[in-house]
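Chain residues, written in single-letter form:
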Amino acid sequence: MTNRPKKIGRPTSRTPALINTIMARITGGSSYDNAAREAGVSPTSFWQWRKRDPELEEMAAKARVGAWQRGSAERRSALSAS
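Residues numbered from 1 in each chain as written. Predicted model: local features only at pLDDT ≥ 70, side-chain atom pairs only at ≥ 80, totals over all residues. Heavy atoms only, no water.

Visitor: I would appreciate a short explanation of the overall build of the protein chain in the present structure.
Guide: Across its full length, the protein chain holds four helices and zero strands. When the helices and strands of the protein chain are listed from N to C terminus, the series reads α-α-α-α. Projecting the C-alpha coordinates of the protein chain onto the three principal axes gives extents of approximately 70 × 20 × 20 Å. In the protein chain, which comprises 82 residues, the share counted as buried stands at 26%. The long-range share in the protein chain, meaning contacts at least 24 apart out of those at least 6 apart in sequence, stands at 48%. For the protein chain, the distance from the average site of its 15 positive side-chain charges to the average site of its 7 negative ones is 6 Å. (Helix = DSSP H or I, 4+ residues; strand = E, 2+ residues; numbered from the N terminus. Buried < 20%, exposed > 50% of the residue type's maximum accessible area, 1.4 Å probe, protein only. Contact = heavy atoms within 4.5 Å. Lys, Arg positive; Asp, Glu negative; His and termini not counted. Charge placed at Lys NZ, Arg CZ, Asp CG, Glu CD.)

Right, dumping it as structure tokens:
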């Protein structure tokens, strides 16, 4: 029998579905904090998840870039239509 330390604290609410929801909101233009709040997660928890998980941080950064690119394309389209 191994002596593993017991996990202390509340179980995480982090699930793949929740992360997908947050990423979709970021891609839609929400800030990290607002995307987390809209998904029912505290911004502090989302920040801690990103800090502990470089892959999640990269996903969030890519989602933010996607939102910026989509917004830029929409602005260009609106300017050319006027």
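There's plenty left to go through after this.
Visitor: What is the right way to look at the environment of M59 in this model?
Guide: With respect to the helices and strands, the residue M59 is situated in helix 4 (residues 54-81). Taking the relative accessible area as the measure of exposure, M59 reaches 38% and is therefore partly exposed. Between the C-alpha atom of M59 and that of I19, which follows or precedes it by 40 residues, the distance is 9.6 Å. Discounting chain neighbours no more than four positions away, the residues touching M59 are I19 and M23.

Visitor: Is there a simple way to think about helix 3 (residues 43-52) in this case?
Guide: Residue pairs spaced three or four apart in an α-helix point in one direction, given the helix's 3.6 residues per turn. Listed in full, the buried residues belonging to helix 3 are P43, F46, W49 and R50. Taken down its axis, helix 3 places every buried residue within 120° of arc, on the same side. Away from its buried face by more than 90 degrees, helix 3 exposes K51 and R52. (Arc of directions from axis to C-beta.)

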